[in-house]
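Summary of the model geometry
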Amino acid sequence: MAVEVHRKVGRGTGERGPVQAGDALPLPIRHTNLIFSALFAASLAYLMRRWREKIRNSTPLHVVGITEIFAICGLVASLIYLISFFGIAFAQSVVSNSDDEEEEDFLITAQVAPPPSKPAPQQCALLQSAGAAPEKMPEEDEEIVAGVVAGKIPSYVLETKLGDCRRAAGIRREALRRITGREIDGLPLDGFDYASILGQCCEMPVGYVQLPVGVAGPLVLDGRRLYVPMATTEGCLIASTNRGCKAIAESGGASSVVYRDGMTRAPVARFPSARRAAELKCLLENPANFDTLSMVFNRSSRFARLQGIKCAMAGRNLYMRFTCSTGDAMGMNMVSKGVQNVLDYLQNDFPDMDVVSISGNFCSDKKSAAVNWIEGRGKSVVCEAVIREEVIQKVLKTNVQSLVELNVIKNLAGSAVAGALGGFNAHASNIVTAIFIATGQDPAQNVESSQCITMLEAVNDGRDLHISVTMPSIEVGTVGGGTQLASQSACLDLLGVKGANRDSPGSNARLLAAVVAGAVLAGELSLISAQAAGHLVQSHMKYNRSNKDVPKVTC
């Protein structure tokens with residue numbers, strides 16, 4: 001597998017003059033498309049009419065006049081242009097991209113070579129710079145370990161040179177032990193498919209970490225009975241979520257709505273002046289230019305579809321926040337590919353644009369930011385349920401009035417006093433992270449995915465409780481990244497959302513986001529109830545304390 005690294009967009013060499021702010025985008029390609037489309041239609045219509053006349057008059061079709069020759073040339077030329085503009089990128093994406101490949105890094109394009117006569121070792125994109133590696137590795141593991149320890153053999157080339165991922169991990173592990181003098185016997189080595197992570201999930205592995213996975217449920221959500229896998233080392237978390245699921249189920253279940261679905265990427269570009277940056281801002285946000293920009297953006301993927309562009313300025317720096325749908329993929333790399341297309345295209349009309357970074361933090365990824373709380377990122381979900389009075393008393397051991405009062409004082413007022421940003425909840429991140437790890441999501445995206453406001457109010461004359469969680473930026477996918485690993489794939493399959501939904505692209509990822517919100521709803525309900533009833537400390541003292549490895553102190 002060869003790897004081609006795309007160039008970073010720099011200063012262009014366009015010939016167009018300056019564009020005035022507020023004008024429609026000067027798009028010569030749009031005009032050229034119209035000309036060639038008209039030429040194609042006119043040539044085809046003329047030739048069809050002439051051929052019909054020849055058939056009626058029994059004239060040989062190969063006998064052509066000067067006008068027919070021009071028409072044929074025009075037809076061929078326009079057809080070649082239209083196919084090159086509209087068809088090649090789409091065809092390449094269909095041929096080269098599978099559902100899982102939509103999540104490859106936007107800077108790396110995989111080129112698959114013809115299959116060799118015998119199996120070749122898998123290669124990672126990061127191994128291409130291994131110029132210092134010897135042409136042939138020693139046959140004995142002991143010699144290789146000694147070479148790694150001495151610095152003669154780079155650790156990162158082992159998989160490529162040996163063609164055996166498990167053997168490479170074992171050699172690297174032994175070299176690490178000799179270099180550090182530390183034993184890592186508690187870190188498992190065997191029982192893992194190292195080839196499955198090569199080039200996409202983890203570099204230079206020496207083992208894997210075991211995490212227990214529990215199941216909470218059934219979570220009755222939108223008429224489905226779901227069992228939610230959660231990977232965690234925190235005692236009481238799954239038990240508490242399970243109790244919330246029970247209360248929801250006995251009250252008739254919860255319902256959810258995904259009211260927004262779009263991943264974002266925001267490059268930052270620097271201009272010679274703030275006026276010049278403002279010109280591009282006006283052009284990008286002008287609705288008259290959206291169709292053309294969308295066409296350029298969408299060429300990189302079968303699933304990415306541009307939804308909108310919002311810009312912000314800081315001096316002469318312009319931050320452009322692109323939002324697009326991404327099917328069942330989480331979609332960050334997908335949107336990055338589309339953004340790169342647009343930047344390349346804009347360089348023609350803005351040769352003075354200096355693209356500083358494909359990400360300018362206005363996205364905003366893996367950071368707590370108001371833009372995600374307000375505008376949303378990924379899936380925006382609301383999940384709600386009405387919990388009956390008798391269920392609150394029997395299962396949750398408290399009452400409606402206490403729950404409503406505690407939520408106002410703790411989750412709303414308390415979070416405001418703390419200056420929280422999207423943290424108006426009890427412990428949403430607990431549930432989000434546990435599900436993310438179990439299902440192969442990016443755990444770092446727990447930061448924005450856990451933004452949540454929990455609302456409680458008394459209904460039905462104060463007898464019952466209405467509870468809801470609003471989560472505007474849940475970032476999940478069911479293809480790509482860690483979702484393809486065996487354990488994580490099994491957890492996705494348990495929820496019925498494994499892989500891409502070919503009948504309704506994007507529905508698996510949206511269901512997974514709804515499950516996350518539903519589990520958060522259950523976790524919030526249970527924890528707030530435990531705090532209202534004064535049971536939180538008791539349960540953690542009983543189930544979340546261990547005397548293991550604690551030395552006994554004798555007075």
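Notes on the structure follow. Remember, predicted model here, so these are calculated numbers, not experimental data.

It is worth spelling out the overall build of the protein chain at this point. Within the protein chain, the secondary structure is distributed over 17 helices and 13 strands. When the 555 residues of the protein chain are sorted by exposure, 45% land in the buried category. Considering only intrachain contacts with a sequence separation of at least 6, the fraction spanning at least 24 residues in the protein chain is 74%.

In this section: unusual backbone geometry. Residue P218 is reached from G217 by a cis peptide bond, and omega for that bond is 5°. Relative to the elements of secondary structure, P218 occurs in strand β3 (residues 213-221). The phi torsion at N361 lies on the positive side, around 70°, for a residue other than glycine. Looking at where N361 falls in the secondary structure, it is placed in the loop between β9 (354-357) and α10 (370-375). Residue N361 is classed as partly exposed on the basis of its relative accessible area, which comes to 47%. The backbone of K397 shows a phi angle near 60°, a positive value even though the residue is not glycine.

Where nonpolar side chains cluster on the molecular surface, the patch consists of V64, I66, I69, F70, I72, V76 and I80 and spans about 650 Å² of accessible area. Within the secondary structure, F70 is located in helix α2 (residues 66-96). Under the relative-accessibility criterion, F70 is labelled exposed at 60%.

What follows deals with helix α13 (residues 428-439). Spacing of three or four residues puts side chains on the same side of an α-helix, whose turn is 3.6 residues. Taking 1.5 Å per residue as the helical rise, α13 with its twelve residues ought to reach 16 Å, and the 17 Å between its terminal C-alpha atoms agrees with that figure. Along α13, the residues that are buried comprise A428, I431, V432, A434, I435, F436, A438 and T439. With its phi angle positive at about 80°, G440 sits one or two positions after the end of α13.

The next thing to look at is the packing of helix α3 (residues 141-150) against helix α5 (residues 165-180). At a closest axis distance of 9 Å, the pairing of α3 and α5 adopts a crossing angle of 50°. It follows that α3 is oblique to α5 by the angle criterion. As for how α3 packs across α5, the hand of that crossing is right-handed. Contacts between α3 and α5 pair D141, E142, I144, V145, V148 and V149 from the former with R167, I171, E174, A175, R178 and I179 from the latter. Among the residues forming the contact of α3 with α5, the class breakdown is seven nonpolar, no polar and five charged.

Definitions and cut-offs
- Residues numbered from 1 in each chain as written.
- Predicted model: local features only at pLDDT ≥ 70, side-chain atom pairs only at ≥ 80, totals over all residues.
- Heavy atoms only, no water.
- Helix = DSSP H or I, 4+ residues; strand = E, 2+ residues; numbered from the N terminus.
- Buried < 20%, exposed > 50% of the residue type's maximum accessible area, 1.4 Å probe, protein only.
- Contact = heavy atoms within 4.5 Å.
- Patch = residues over 30% accessible without salt bridge, like charges linked within 9 Å, V, L, I, M, F, W, Y side chains within 5 Å.
- Areas by Shrake-Rupley, 256 points an atom, 1.4 Å probe, with all protein chains shown as cover.
- Salt bridge = Lys/Arg side-chain N within 4 Å of Asp/Glu carboxyl O.
- Expected span 1.5 Å × (residues − 1).
- Axes fitted to C-alpha atoms, helices over the stretch in contact; angles between N-to-C directions.
- Parallel < 35°, antiparallel > 145°, perpendicular 65-115°, else oblique.
- Left-handed = near helix turned anticlockwise from the far one by under 90°.
- Nonpolar A, V, L, I, M, F, W, Y, C, P; charged D, E, K, R; others polar.

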